[in-house]
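Residues per chain, in single letters:
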Amino acid sequence: MDSDQTDAYLRRIGAERPAAPTTRALRDLHLAHLRAVPFENLSIHLDEDIELTDDSLVAKVVGARRGGFCYELNGAFAALLTALGFEVTLLQARVYDASGRPGIPYDHLALRVRTCDGGDRLADVGFGTHSHFPLVFGERGDQSDPGGTFRITETPEGDLDVSRDGKAQYVVDQRPRVLGDFTSGAWWHRTSPRSHFTQSLVCSLLTGTGRVTLSGRTLTTTTAGERHTVELATDADVLDAYATHFGITLKQVPRVKKTVSPGGAGTS
């Protein structure tokens, strides 16, 4: 990213250019990104290509003013942080399912970020509901955050388990990766009937008072812990909600498509 692209990205998230790649600057950028760029999987249901390159991801987040899922959001954020002088390492992670089993390799992309003044942080702006601020990478005790109480625990294999409020979220492989390594994981999540991304629509954004989420036609606003849900009646209402709450302008309403399971049975 050149200086103009970096400035455009900073405007996109409403952040000032930091004087140095400090821990404080990373915290501010992390929170600003979460509050400006939604976690969304709309491209999957709009037949839009997802190309895992810095240029493509930044063009989507900044130029098209869209969001994305983990590979896109953390990939684009890594490009911004690198341009601002942070040392960024891409890490592959496997997300735990409801039964406590980890998902596929390259299931998730997280970031190890080194600042000039405070060591390494685990940054993640692409996991939906997660920590508002980067976690201290080397800390093994509880880490309090507005998003919950987090803990990083070493596994016997040398990986890192990340938990939120006592529940395991994902396990991180500490070996450095490059963006292209995540192509297979992104492809699986875009095409497999077993992926929750092919089974549902989601667009969610952290706000100053809580969170707003549009799932299909259900708009949920959480303010100070209180949830308010509205069922949107028409396509026009849905398109207006995307524009009003997420700054996303669409020509058509995305719809979950029917997929075929390995056994031949359809899912929708």
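Rules of the game
- Every chain's residues receive numbers from 1 upward, in the order its sequence appears when written.
- With pLDDT at 70 or above as the cut-off, local features in this predicted model cover only qualifying residues; side-chain atom pairs require 80 or more to be listed or tallied, and sums for whole chains, interfaces and linings still use all residues.
- Values reported for side chains reflect all heavy atoms of the structure, with hydrogen atoms and water molecules removed beforehand.
- Only DSSP runs of H or I with at least four residues qualify as helices, and only runs of E with at least two residues qualify as strands; both kinds are numbered from the N terminus onward.
- The atom set for the radius of gyration is the C-alpha atoms, and the globule formula is 2.2 Å times the number of residues raised to the power 0.38.
- We call two residues in contact when some of their heavy atoms are within 4.5 Å.
- Here the accessible surface of atoms and residues is derived via Shrake-Rupley with a 1.4 Å probe, and residues count as covered only by protein chains that are part of the display.
- Within this scheme the basic residues Lys and Arg register as positive and the acidic residues Asp and Glu register as negative, but His and the chain ends are omitted.
- Every charge is mapped onto a representative atom, which is NZ of Lys, CZ of Arg, CG of Asp or CD of Glu.
- Between buried and exposed lies partly exposed: a residue is buried under 20% and exposed over 50% of the maximum accessible area for its type, with that area taken using a 1.4 Å probe on protein chains only.
- Here a strand pair is declared whenever DSSP counts at least two bridges between the two strands.
- Axis angles are defined between N-to-C directions and span 0 to 180 degrees, where every axis is a line fitted to C-alpha atoms and, for a helix, only to the segment in contact.
- Helix span is expected to be 1.5 Å times the residue number reduced by one.
- Two N or O atoms form a polar contact when they lie within 3.5 Å of each other; inside protein one atom must be a possible hydrogen donor and the other a possible acceptor, and for residues adjacent in sequence the pair counts only when both atoms belong to side chains.
- As used here, the term nonpolar core means buried Ala, Val, Leu, Ile, Met, Phe, Trp, Tyr and Cys residues forming a set that is joined through side-chain atoms within 4.5 Å.

> Help me out: how do you make sense of the overall build of the protein in this one?
Looking only at helices and strands, one finds eight helices and 15 strands in the protein. Taken over the C-alpha trace, the protein has a radius of gyration of 18 Å; the compact-globule value for 268 residues is 18 Å, and the two agree within 12%. Structurally, the protein occupies a C-alpha span of about 50 × 40 × 40 Å along its principal axes. Long-range pairs, those at least 24 residues apart, make up 54% of the contacts in the protein with a sequence separation of at least 6. Accessible surface computed for the protein: about 12700 Å², of which carbon and sulfur atoms make up 49%. Charge-centre separation for the protein: the mean point of 29 positive side chains lies 3 Å from the mean point of 34 negative side chains.

> Can you help me understand the pairing of strand β3 (residues 108-114) in this one?
The side chains of a regular strand alternate, first on one face of the sheet and then on the other. In terms of burial, β3 is a largely internal element, five of the seven residues being buried. As paired strands, strand β2 (residues 87-95) and β3 are joined by seven bridges and run antiparallel to one another. By the bridge assignment, Q92 is partnered in β3 with L109. Sheet topology places β3 next to strand β4 (residues 120-123); four bridges connect them, and they run antiparallel. Among the inter-strand pairings, L111 is bridged to a residue of β4, identified as A123. Taken together, β3 and the strand that follows it, β4, pair antiparallel across an intervening segment of five residues, in which G119 is found at a positive phi of about 80°.

> Would you mind showing me how to read the sheet that holds strand β7 (residues 148-154) here?
As a general point, the strands of a sheet are linked pairwise by backbone hydrogen bonds and lie either parallel or antiparallel. One open sheet holds the eight strands; their spatial order is β5-β4-β3-β2-β9-β8-β7-β6, and the pairing between them is antiparallel. Strands at the two margins of the open sheet, each flanked by one partner only, are β5 (135-136) and β6 (143-145). Contacts from helix α5 (residues 70-83) reach β2, β3 and β4, with the element oriented near 20° to β3.

> Please explain helix α2 (residues 23-36) as it appears in this structure.
In an α-helix, one full turn covers 3.6 residues, which means residues spaced three or four apart are oriented alike. Its 14 residues give α2 an end-to-end C-alpha distance of 20 Å, which sits within 8% of 20 Å, the value for a rise of 1.5 Å per residue. Counting buried positions over the 14 residues of α2 gives ten, a clear majority of the element. Along α2, the residues classified as buried are T23, A25, L26, L29, H30, L31, A32, H33, L34 and A36.

> Please explain the environment of V171 as it appears in this structure.
With respect to the helices and strands, the residue V171 is situated in strand β9 (residues 167-172). Overall, V171 belongs to the buried group, its relative accessible area being 11%. When the C-alpha atoms of V171 and P102 are compared, they prove to be 7.4 Å apart, with 69 residues separating the residues in sequence.

> Quick question: what am I supposed to make of the side chain of H33 here?
Along the polypeptide, H33 turns up in helix α2. Owing to a relative accessible area of 1%, H33 belongs among the buried residues under this scheme. A polar contact is formed between the side chain of H33 and the side chain of Y9, at a distance of 2.8 Å. When neighbours within four sequence positions are excluded, H33 is seen to be in contact with Y9, I13, L73, F77 and V125.

> Whenever I open this one, the nonpolar core confuses me. Can you help?
Within soluble globular proteins, side chains that are nonpolar tend to cluster in buried spots. Core analysis: the biggest nonpolar cluster contains 47 residues, and Y9, I13, L29, F77, F86 and L111 have the highest contact counts within it. A per-element tally of this core places α5 first, with nine residues. Counting 16 residues, the second-largest nonpolar core is a separate cluster that includes L201, L214, L219 and L250.

> How do you make sense of the pairing of β4 when you look at a structure like this?
Residues of β4 alternate between two faces, with D120 and L122 on one and R121 and A123 on the opposite face, all of them buried. By the bridge criterion, two bridges tie β4 to β5 in an arrangement that is antiparallel. Residue R121 lies in a different strand from β5, and its bridge partner there is V136.

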